[in-house]
Amino acid sequence: MLEMINERVCDELVNAFPDVRYFNKKQLSRVLTDINSQKLISFIFIMDHYNCMFEEKPYDLEGHKLYLFFLQALLRDRPYVALAYMTGVMPMKRQSICNMFEEVSMLQSGPFAPYMGFTEMDMNELCPDQEIKTKLKEWYGGYHMNDQVMLYSPASVMQALKYHQYKCYRNDVLNMCFDIVGVNNVMDRLLVGCTMEIMTLSFENDRVSLHSIDDVLTLFIHLGYLTYDYKKGCSIPNKGAYLALKQEK
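Note that this is a predicted model, so its numbers are computed, not measured.

This brings us to unusual backbone geometry. In most cases, non-glycine residues show a negative phi, while peptide bonds are predominantly trans. We note that His49 has phi near 55°; this positive angle belongs to a residue other than glycine. Looking at His49, the relative accessible area reads 32%, which means it is partly exposed.

Quick look at the structure:
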């Protein structure tokens, strides 16, 4: 996969800038460096679902390492990088060599919180009918980002407005067969409306390195099944998430 990315992007760049003198037309970082130094052009890198490698091949640890080295060599401290923006279901894997990114996640959204879902203002524009909006909040709202921002799930809201039906629109499969003592008891408490205290720092930002109940709950927060309030803990945010968890349970 990495060889294909390198080859295709190199070919596109060489064709787009044919008058540049290239030191090596087959090495992506070298091609970008030559364009930058001779044309004074920098680039914006946008990568959607950067962590597909970890999702599709969760146990290919050597492949993970090569992929992260590729990203580091391409993006870290390079003069041709104006901006690098990567999205993924999970934040950057912990203890990664790619530690040059500012993390924005369901646990750490900062000033970007209003842009991670539909806000109350967005909902007022989408749905002026207060009765429908209240129903949408009950089913798809409740994601507590900070003291000022509460979000709705955009995909679920749009599906509900499109089909005029309130139900769980999640189509991802959540495997809840965790070999961790106490997980089922904690899930039972969440399903009856309890808020659970949680420590999120041990989570390694993947689906397989789960060593404690805290890791499992942190995973569910990133996947949108739970919401997190740093003052209180985690809880189920809405009916949609409740039904998804109850069905998997």
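Moving on: the state of the cysteines. With the rule as written, the count across this model stands at zero disulfides. For the unlinked cysteine Cys194, the closest cysteine sulfur is that of Cys234, found at 11 Å.

Following both chains from N to C, one finds helix H8 (residues 183-191) and helix H9 (residues 213-223) inclined at 45°, their axes separated by 10 Å at the closest point. By the criterion of interaxial angle, the relationship of H8 to H9 is oblique. Both H8 and H9 take part in a crossing whose hand is right-handed. Along its contact with H8, which presents Val183, Val186, Met187 and Leu190, the element H9 presents Ile213, Val216, Leu217 and Phe220. Of the residues contributing to the contact of H8 with H9, the split by class is eight nonpolar, no polar and no charged.

To continue, consider helix H6 (residues 130-140). Among the residues making up H6, those that are buried are Lys133, Leu136, Trp139 and Tyr140. On an axial view of H6, the arc spanned by its buried residues comes to 130°, and they lie on one face. Those residues of H6 that are exposed and angled more than 90 degrees off the buried face are Gln130 and Glu131. Buried residues along H6 sit against helix H5 (120-126), strand S3 (143-144), strand S4 (150-151), helix H7 (154-163) and helix H10 (239-248).

Moving on, we get to the pattern of salt bridges. Close approach of charged atoms allows side chains of opposite charge to pair. Scanning all chains against the criterion turns up seven salt bridges. Here Lys39 makes a salt bridge to Asp19, at a shortest N to O gap of 2.6 Å. Here Asp19 lies in the loop between helix H1 (2-16) and helix H2 (28-39) and Lys39 lies in helix H2, a separation of 20 residues in the sequence. Asp19 sits in the exposed class, given a relative accessible area of 52%. Here Glu120 and Lys137 are joined by a salt bridge, their closest N and O atoms 3.5 Å apart. Here the residue Glu120 occupies a position in helix H5, and Lys137 occupies one in helix H6, the gap between them amounting to 17 residues. Here Glu120 falls in the partly exposed class, since its relative accessible area comes to 28%. Within this structure, Glu120, Lys133 and Lys137 form a network of salt bridges that share partners.

Reading the values: the criteria
Residues numbered from 1 in each chain as written. Predicted model: local features only at pLDDT ≥ 70, side-chain atom pairs only at ≥ 80, totals over all residues. Heavy atoms only, no water. Buried < 20%, exposed > 50% of the residue type's maximum accessible area, 1.4 Å probe, protein only. Disulfide = S-S within 2.5 Å. Axes fitted to C-alpha atoms, helices over the stretch in contact; angles between N-to-C directions. Helix = DSSP H or I, 4+ residues; strand = E, 2+ residues; numbered from the N terminus. Parallel < 35°, antiparallel > 145°, perpendicular 65-115°, else oblique. Left-handed = near helix turned anticlockwise from the far one by under 90°. Contact = heavy atoms within 4.5 Å. Nonpolar A, V, L, I, M, F, W, Y, C, P; charged D, E, K, R; others polar. Arc of directions from axis to C-beta. Salt bridge = Lys/Arg side-chain N within 4 Å of Asp/Glu carboxyl O.

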